[in-house]
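Understanding the architecture of this molecule
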Amino acid sequence: MFQMSELMFNDPPHLLQAQQFTPEFLEEAFCLAEDIRHYPHLYSSVLEGEWMAVLFEEPSTRTLGSSWTAAERLGANVFHTEHSAVTSSEVKGESLTRTVKTFTALGYTWFILRRRRAGDMQLAASITRPGQVVINGGDGPSQHPTQAFLDVYTIKREFGDLNQPLHVMLVGDLKNGRTVHSLVYLLSKYRNVKFTFVSTRQMAMKRDIIDYLDRHGHRYVERFDGLLSAMTKNVDVVYLTRAQLERCESPDEQAAWQSEFPLYGMNDEVIGQMGDRTIFMHPLPSNEELPEAYDTHPRARHLQQMENGLWGRMALLTKIQRFRLAHHQ
Ligand code: NCD
């Protein structure tokens, strides 16, 4: 039976949350991603003969496109649905578990899922057969482990050794943004990472993550006083996020967040105060907190994140497949 706390990889090799990664696994996967980036043709049959269902219930451009492209570049046969809540039998009340059973009956072994509800990934994984794989492509406000993987891969490519002191500032909707949740879990695998969380009090980092950092003795500060430009001098990475208005609990919460949001965005004044090596990142999509005009800024890394995501996801799928071949064939 799947144990959430087990190391990467457990048996079966689902990827449901960022806590599963180990630093050793990450190093190997980052090296593999570099190799795939340089020699993609050598990996074009890694998933030959494999059937993958990419079923997304929430909107997506990058994770859907990148997961799908990664799988096809490795030779998999990919079936996908976007907005499955309106285009699949879910409209008629079909459950997630029945959906997984359907694709199992059709011979699919791989599932990359995006769900509205936290907990659905564990539910899907709980009914799979040995050798089948569930990968979390984002579950509501909870987690997004493959995004965190590509984010850390991007940081690694920038700064090299992840065991050196690194100061990472996470900005914006830290309550509902699943990418920052997974990113904190992943980066806290490295002892010298220090976090600064910048948001309103309403959108503060989730308490279970703060408790996790406390329990494991990690360094962090929470700042609720805006003024991003005054805080970025000694920061290596400024990781921006959009306001997840669709996840706000009330119209009042939405209105409050929208009115304060300009404090949590990128602008020339903030950039002007950054240290020599500071970069800024964003999982995208962005709204006013990261205008498109910054796409080509020398400190911007959000376009590289997307590119790294393709090679990174190919590396993740390759490692999972190697595990499957070793344990399930
Ligand atoms: C994010 C997501 O869907 O969680 N985007 C992504 O996958 N790259 C970010 C967001 O929706 O704000």
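Computed from a predicted model, the values in this text were never measured in an experiment.

Regarding the overall build of the protein chain
When its secondary structure is counted, the protein chain shows 11 helices and 9 strands. Expected size for 329 residues packed as a compact globule is a radius of gyration near 20 Å; at 19 Å, the protein chain falls within 12% of this value. Every one of the 329 residues in the protein chain was classed for burial, and the buried ones make up 57%. Restricting the contact set of the protein chain to residue pairs at least 6 apart, pairs at least 24 apart contribute 76%. Within the protein chain, the 40 negative side-chain charges are centred at a point lying 3 Å from the centre of the 34 positive side-chain charges.

A closer look at the site of the ligand
Around the ligand, a shell composed of Thr63, Arg114, His144, Gln147, Arg178, Thr179, Arg242, Gln244, Pro283, Leu284 and Pro285 is seen. Measuring from an oxygen atom of the ligand, one finds a side-chain N or O atom of His144 at 2.8 Å. For the ligand, a nitrogen atom lies 3.1 Å from a polar atom in the backbone of Pro283. When the ligand is considered free in solution it has 320 Å² of accessible area, and contact with the protein chains removes 93% of it.

Description of the pattern of salt bridges
Oppositely charged side chains can pair when the atoms bearing their charge come close. For the structure on display, the rule yields 20 salt bridges. Notably, a salt bridge pairs Glu27 with Lys156, separated by 3.2 Å at the nearest N-O pair. Of this pair, Glu27 sits in helix H1 (residues 23–38) while Lys156 sits in helix H6 (residues 145–159), and the two are 129 residues apart along the sequence. For Glu27, a relative accessible area of 31% puts it in the partly exposed group. Measuring nitrogen to oxygen at the nearest pair gives 2.7 Å for the salt bridge that ties Arg277 to Asp236. Separated by 41 residues along the polypeptide, Arg277 in the loop between helix H10 (268–272) and strand E9 (279–281) and Asp236 in the loop between strand E7 (219–223) and strand E8 (237–240) bring together distant segments of the chain. Judged by relative accessible area, Arg277 falls into the partly exposed class, the value being 37%. Judged by its relative accessible area of 9%, Asp236 falls in the buried class.

Re the side chain of His14
Relative to the helices and strands, His14 is located in the segment before H1. There is a polar contact of 2.8 Å between the side chain of His14 and the backbone nitrogen of Val134. Not counting the four nearest positions on each side in its chain, His14 is found in contact with Gln20, Ala125, Thr128, Gln132, Val133 and Val134.

Some thoughts on H1
One full turn of an α-helix is made of 3.6 residues, so residues set three or four places apart face in the same direction. With 16 residues, H1 extends 23 Å between its outermost C-alpha atoms, agreeing within 8% with the 22 Å of an ideal straight helix rising 1.5 Å per residue. Considered for burial, the residues of H1 that qualify are Phe25, Leu26, Ala29, Phe30, Leu32, Ala33, Ile36 and Arg37. Across the axial projection of H1, the buried residues extend over an arc of 165 degrees, all falling on one side. The exposed set on the far side of H1, more than 90 degrees from its buried face, consists of Glu24, Cys31 and His38. Its buried side turned inward, H1 meets H6, helix H7 (178–187) and helix H11 (302–328).

A short note on the environment of Gln202
For Gln202, the location among the structural elements is in the loop between strand E6 (193–198) and helix H8 (207–215). Sequence separation between Gln202 and Asn234 is 32 residues, and the spatial gap between their C-alpha atoms is 26 Å. Setting aside anything within four residues of it in sequence, one finds Gln202 in contact with Lys175, Glu253 and Ala256.

Things to note about helix H4 (residues 96–105)
Turning to H4, its buried residues number three or more, namely Leu96, Thr97, Thr99, Val100, Phe103 and Thr104. The arc enclosing the buried residues of H4, seen along the axis, measures out at 160 degrees, which places them on a common side. Where H4 is buried, its residues touch strand E1 (51–56), strand E2 (77–81), strand E3 (110–115) and helix H5 (120–126). One or two steps after H4, the chain reaches Gly107, where phi turns positive at roughly 95 degrees.

Some words on the packing of aromatic side chains
How two aromatic rings sit relative to each other is set out by the distance from centre to centre and by the angle between their planes. Applying the stated criterion across every chain yields a total of 12 aromatic pairs. Of the aromatic side chains, those joined through ring pairs into one cluster are Phe21, Phe25, Phe30, Phe149 and Tyr153.

Considering the sheet that holds E3
With parallel pairing, the 4 strands of this open sheet are ordered in space as E2-E1-E3-E4. Because the sheet does not close on itself, it has two edges, and the strands there are E2 and strand E4 (133–139). In this sheet, neighbouring strand axes are inclined to one another by 15 degrees on average, regardless of whether the strands run parallel or antiparallel. Here E1 pairs with E3 via 5 bridges, running parallel. If you follow Ala53 over to E3, its bridge partner there is Phe111. Strand contacts of helix H2 (residues 62–73): E1, E2, E3 and E4, with the helix running at about 165 degrees to E2, the strand carrying the most contacts.

What counts, and where the lines are drawn
Residues numbered from 1 in each chain as written. Predicted model: local features only at pLDDT ≥ 70, side-chain atom pairs only at ≥ 80, totals over all residues. Heavy atoms only, no water. Helix = DSSP H or I, 4+ residues; strand = E, 2+ residues; numbered from the N terminus. Rg over C-alpha atoms; globule rule 2.2 N^0.38 Å. Buried < 20%, exposed > 50% of the residue type's maximum accessible area, 1.4 Å probe, protein only. Contact = heavy atoms within 4.5 Å. Lys, Arg positive; Asp, Glu negative; His and termini not counted. Charge placed at Lys NZ, Arg CZ, Asp CG, Glu CD. Near = heavy atom within 4 Å. Polar contact = N/O pair within 3.5 Å; in protein donor to acceptor, adjacent residues only side chain to side chain. Areas by Shrake-Rupley, 256 points an atom, 1.4 Å probe, with all protein chains shown as cover. Salt bridge = Lys/Arg side-chain N within 4 Å of Asp/Glu carboxyl O. Expected span 1.5 Å × (residues − 1). Arc of directions from axis to C-beta. Phe/Tyr/Trp six-rings, centres within 6.5 Å; stacked < 30°, edge-to-face > 60°. Pairing = 2+ DSSP bridges. Axes fitted to C-alpha atoms, helices over the stretch in contact; angles between N-to-C directions.

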